[in-house]
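Examining the three-dimensional arrangement
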Amino acid sequence: MELSSGFYGRSNPHMLSTSGGKAMGKLIEATHEPAGVEINMKPVLDIVEDIFERATPAAPGAIKQVDASEPDERALHYSSLEQMMDVLSATINRISCEITYRLSIGEDAHSTTLAVAQIVKGYSWDAKIVLALAAFAMTYGEFLLVVQLYATNPLAKDVALLKQLPEILTRTDLLKPKFDTLANLINAMVVVAKCTVEFKGLPSKYIRPEDPELSSANADIPSAVYWTIRSTVICSSQIMGLINMGHEFLSSTTDAWELSSLTHNINSIYNDLVEKLNRCRQRINERKDIEAFETLVRLFDAIHIDNMKILKALIYAKDDQPPLWDGTTKQRVSIELLRRKSVLLLISDLEIPEKELIILEQIYNESRMQPTRIESQYEVIWIPIVDRSTTFDDTMRKQFESLQTMMPWYSVGHPSMIQPAVMRYIKEVWGFNKKPLLVVLDPQGRVVNPNAMPMMFIWGSMAFPFTKLREEALWKEETWRIELLADSIDPSIINWANMNWIRKFTTTAKAVAKTANIELEMLYVGKSNPRERVRRNMTNIELENLSHTLSDISLIWFFWVRLESMWHSRAQHGVTVRNDLIMQEILTMLGFDGSDQGWAVISRGANEMARAKAETFLKSLEEYTAWEAAAAEKGFIPALNDHFRSLGTEHHCNRLTLPGISVAEIGSIKDTVVCVDCGKPMEALLMFRCCTD
């Protein structure tokens, strides 16, 4: 039978344009009369996709091998599909017959497409596409089944003879390019169908038709339906052309142009739809995160019998694996091990300073040495905060695992177990901003301290249960004494002191001590940012036997971070320099660290202490004969303090650096920080500083 040119005629270029595509979408919209019956088309689409995958021929007569030992995952859908197909099979067969008939009488693809649209007018948009694809899948699958089996199966060979296929099947040089071109278009149609099915399945709880992301996509889907149905018509015409025209059809280049044009058009539609689908997913995830955040807020406000709900809300368990990594046993463990225990959440990014980990590890390990003590009744979990917009690549994975290996306590199995809503809660409610936090949960999961890091650095495990009340009680017991200043650093610490000044100071101090007949021990603690200069000083001091030095340079850092922790802790309880001696002394010490000069503190017993800048302290020691009599009468430290005051000058310049203070917080603290020498408010300035010597 001779087929007219309209059977596989070229598309009108205007129809392939954006405006033409929109116009075709309007024609499909005009036929849309939904019956209100909702059908899940994904199982049908799965079967359709399976047909296309299995039907693709490697070469005519070659049977595509399937491993029978592997379970067919799609078979799981078959039982439910059988009932669904009772409803849909008639429509699918009608579409197939309609296309075959209209193409056989030479009707053009556009008219045939609209005829199919009339058949599926009562179905949803995703169903229209899937049903049209299913109809073509039957035609394509039946034809390719014969192609695959005709050389080995007598029944397939007989059918091939009736369809006059053997002659065509000998021309593998022409047949394979034809099917490769068809496969490209089929793949494009399948991904568009998947896209529309996914749009249909978007949860109405989180996205509504009037939302711009979804309304924009809904406006484009009719056009996608038109071009997908039209593509199934053109593909069907290719199969019919092979059967009816043989070599003449195989050698045709006109149809190859149309298939490529349609593939390009369908791919453009897909790219546009998938971009809008991603925007919909983003909007859905944003709303889910908001809902999860609000749920988290309510959860923390509620009363619980234990801490399990809170911990499970914070740490998202997945893959049916225990969510925690035990740093001691190096195994995954259940979160149930922490039920009704005090839990400290160590919150940080992957840049947590190693020296902080070292100090925390020392404190933690010390608490484990006597596990029955009340002060040891707590556990620690590391909560890593990793930006979800950054790809968790192999470098980050190694960084995470390296940190995890250093920790003897618990940590989450993977950073992805900390969901966006939890990260938002940690940042907005607990105030995490790069600097590590130690959030304390009591056995019922209540937050009893949003950051116990200062308490841990000041008192270690003795601060258990790390509540604000415990912190207040500990401060009530404290006075400004050498034990407070130096506890956990070195119990013999008495004195602090650039190398020339150190030599001069230590020599003079030893001479004065000998004259005054007092025992004097000195310890060098350097600067809060101990780098190469401090290391060199420590080496020279040891070689010259000038004074004691700390055994580990990290202890120098810890000395200063304890002082910073004391300031943070006291400030949280409303204490200021104006009304508190301990705060005055803490800020004085921090001011010494911010100075470019040397300084020293000297103590006798627990409570007698004197401190001054390098110039004042050294001058006072050099002038010992001027206050020697006073030292004999009042005592060495009181007399030294009196002499310090007598050397005071009207002009002075103090500099104080308060770490961990944001720009927004400067305004709230500037009125509480006064000069320790004159009592006047200090001017707050913003400083940017690199980690230099």
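Given the structure is predicted, the values throughout are model-derived calculations rather than measurements.

Okay, the overall build of the protein chain next. What the protein chain contains, in helices and strands, is 27 helices and 11 strands. Carbon together with sulfur atoms contributes 53% to the accessible area of the protein chain, which is approximately 34200 Å² in total.

With that out of the way, let us pick up the sheet that holds strand E5 (residues 410–412). If you walk across this open sheet you meet the 7 strands as E2-E1-E5-E4-E3-E6-E7, and the pairing is mixed. A single partner strand is all that each edge strand has here, and the edge strands are strand E2 (331–333) and strand E7 (447–449). Strand-to-strand twist of the sheet, defined as the mean angle between neighbouring strand axes without regard to direction, takes the value 35°. This element, helix H14 (residues 354–369), spans strand E3 (342–348) and strand E4 (378–384) of the sheet and lies at about 155° to E4. This element, helix H15 (residues 394–406), spans strand E1 (324–326), E4 and E5 of the sheet and lies at about 170° to E4.

With that settled, consider the confidence of the model for the protein chain. Residue-level pLDDT values for the protein chain average 79, and 75% of them are 70 or greater. Considering only residues more than four positions removed or in separate chains, one finds that residues 490–497, a stretch of pLDDT under 50, has 32 contacts. Counted against residues more than four places away or in other chains, residues 663–668, with its pLDDT under 50, gives 5 contacts.

Right, let's get into helix H18 (residues 468–476). Residues of H18 that are buried include every one of Glu471, Leu474 and Trp475, and no others. Seen from one end, H18 has its buried residues packed into an arc of 100°, which puts them on one side. Opposite the packed face of H18, turned more than 90 degrees from it, sit the exposed residues Leu469 and Lys476.

Its place among the elements puts aspartate 442 in the loop between strand E6 (437–441) and E7. Overall, aspartate 442 belongs to the buried group, its relative accessible area being 9%. If we skip the residues at most four places from it in the chain, aspartate 442 touches Asn307, Lys341, Ser342 and Val448.

Tallied over the entire structure, the rule returns 20 aromatic pairs. Taking 5.9 Å as the distance between ring centres and 35° as the angle between the ring planes, the aromatic pair formed by phenylalanine 52 and phenylalanine 136 counts as tilted. Taken together, the residues phenylalanine 52 in helix H3 (residues 42–55) and phenylalanine 136 in helix H6 (residues 125–149) connect sequence positions 84 residues apart. Judged by its relative accessible area of 5%, phenylalanine 52 is buried. Residue phenylalanine 136 is classed as buried on the basis of its relative accessible area of 1%. When the ring of tyrosine 425 is compared with that of tryptophan 430, the centres are 5.4 Å apart and the planes differ by 85°; the resulting orientation is edge-to-face. Among the aromatic side chains, those forming a connected cluster through ring pairs are Phe52, Phe136, Tyr140, Phe143 and Phe179. Residue placement shows arginine 424 over the ring face of phenylalanine 293; its charged tip is 3.8 Å from the ring centre. Stacked on the ring of tryptophan 475, the Lys or Arg arginine 570 has its end atom at 4.4 Å from the ring centre.

Glancing now at the packing of helix H24 (residues 614–622) against helix H26 (residues 636–646). Between H24 and H26, the shortest axis-to-axis distance is 10 Å and the interhelical angle comes to 120°. In terms of orientation, H24 and H26 fall into the oblique class. For the pair H24 and H26, the sense of crossing is right-handed. Contact residues: H24 offers Thr616, Phe617 and Ser620, while H26 offers Leu640, His643 and Phe644. Residues belonging to the contact of H24 with H26 are distributed by class as follows: 3 nonpolar, 3 polar and no charged.

Here we take up the packing of helix H25 (residues 624–634) against H26. H26 packs onto H25 with a crossing angle of 135° between their chain directions and a minimal axis gap of 7 Å. Of the possible angle classes, the one that applies to H25 and H26 is oblique. H26 is crossed by H25, and the crossing has right-handed handedness. Counting all contacts with H25, which are made through Tyr624, Ala626, Trp627, Ala630, Ala631 and Lys634, the residues of H26 involved are Phe636, Pro638, Ala639, Leu640, Asp642 and His643. The residue inventory of the contact of H25 with H26, partitioned by class, reads 9 nonpolar, 1 polar and 2 charged.

A few words on the pattern of salt bridges. For the structure shown, the criterion picks out 34 salt bridges. Linking arginine 281 and glutamate 198 is a salt bridge whose minimum nitrogen-to-oxygen distance equals 2.7 Å. With arginine 281 in helix H12 (residues 254–301) and glutamate 198 in helix H9 (residues 172–200), this residue pair connects regions lying 83 residues apart in the sequence. The shortest N-O distance in the salt bridge between lysine 276 and aspartate 220 comes to 2.2 Å. Remark: aspartate 220 occurs in helix H10 (residues 212–245) and lysine 276 occurs in helix H12; sequence separation between them is 56 residues. Among the residues examined, aspartate 220 registers a relative accessible area of 9% and is labelled buried.

Before going further, it helps to examine the environment of glutamate 401. Looking at the secondary structure, you find glutamate 401 in helix H15. Spatially, the C-alpha atom of glutamate 401 lies 9.8 Å from that of leucine 350, the residues being 51 residues apart in sequence.

This part takes up the nonpolar core. Counting 74 residues, the largest nonpolar core has Met41, Phe52, Leu88, Tyr140, Phe179 and Phe199 as the members making the most contacts within it. Of all the elements in the fold, those that place two or more residues in this core are helix H2 (18–31), H3, helix H4 (75–104), helix H5 (109–119), H6, H9, H10 and H12. Excluding its chain neighbours within four sequence positions, the residues that come into contact with leucine 88 are Ile39, Met41, Val44, Tyr123 and Leu131. Core analysis: the next-biggest nonpolar cluster, separate from the first, contains 56 residues, Leu346, Ala452, Leu587 and Met609 among them.

A few words now on the pairing of E6. Within a regular strand, side chains alternate between the sheet's two faces. Summarising burial for E6: 5 of the 5 residues are buried, a large majority. Taking every second residue as pointing to the same face, both faces of E6 are buried, with Leu437, Val439 and Leu441 on one and Leu438 and Val440 on the other. For E3 and E6, the ladder comprises 5 bridges, and the chain directions are antiparallel. By the bridge assignment for E6, leucine 345 is matched with valine 439. With 2 bridges connecting them, E6 and E7 associate as antiparallel partners. Bridge pairing links leucine 441 to valine 447 in E7. Taken together, E6 and the strand that follows it, E7, pair antiparallel across an intervening segment of 5 residues, in which glycine 445 is found at a positive phi of about 85°.

Quick look at the environment of threonine 616 now. Here threonine 616 is to be found in helix H24. In the structure, threonine 616 is positioned 17 residues away from tryptophan 599 in sequence and 8.6 Å away in space, judged by C-alpha atoms. When near neighbours in sequence (up to four residues on either side) are disregarded, threonine 616 contacts Phe644 and Leu647.

Cis geometry is adopted by the peptide bond preceding proline 465, which originates at phenylalanine 464 and carries an omega value of 10°. Mapped onto the elements of the fold, proline 465 is located in the loop between helix H17 (453–459) and H18. Its identity is not glycine, yet lysine 434 carries a phi of approximately 75°, on the positive side. For lysine 434, the location among the structural elements is in the loop between helix H16 (420–428) and E6. Residue class for lysine 434 comes out exposed when judged on its relative accessible area of 52%. For phenylalanine 466, which is not a glycine, the phi torsion comes out positive at approximately 65°. Among the secondary structure elements, phenylalanine 466 is positioned in the loop between H17 and H18. A relative accessible area of 0% places phenylalanine 466 in the buried class.

The rules we used
Residues numbered from 1 in each chain as written. Predicted model: local features only at pLDDT ≥ 70, side-chain atom pairs only at ≥ 80, totals over all residues. Heavy atoms only, no water. Helix = DSSP H or I, 4+ residues; strand = E, 2+ residues; numbered from the N terminus. Areas by Shrake-Rupley, 256 points an atom, 1.4 Å probe, with all protein chains shown as cover. Pairing = 2+ DSSP bridges. Axes fitted to C-alpha atoms, helices over the stretch in contact; angles between N-to-C directions. Contact = heavy atoms within 4.5 Å. pLDDT = per-residue confidence, 0-100. Buried < 20%, exposed > 50% of the residue type's maximum accessible area, 1.4 Å probe, protein only. Arc of directions from axis to C-beta. Phe/Tyr/Trp six-rings, centres within 6.5 Å; stacked < 30°, edge-to-face > 60°. Lys NZ or Arg CZ within 6 Å of the ring centre and 35° of its normal. Parallel < 35°, antiparallel > 145°, perpendicular 65-115°, else oblique. Left-handed = near helix turned anticlockwise from the far one by under 90°. Nonpolar A, V, L, I, M, F, W, Y, C, P; charged D, E, K, R; others polar. Salt bridge = Lys/Arg side-chain N within 4 Å of Asp/Glu carboxyl O. Core = buried A, V, L, I, M, F, W, Y, C linked by side-chain atoms within 4.5 Å.

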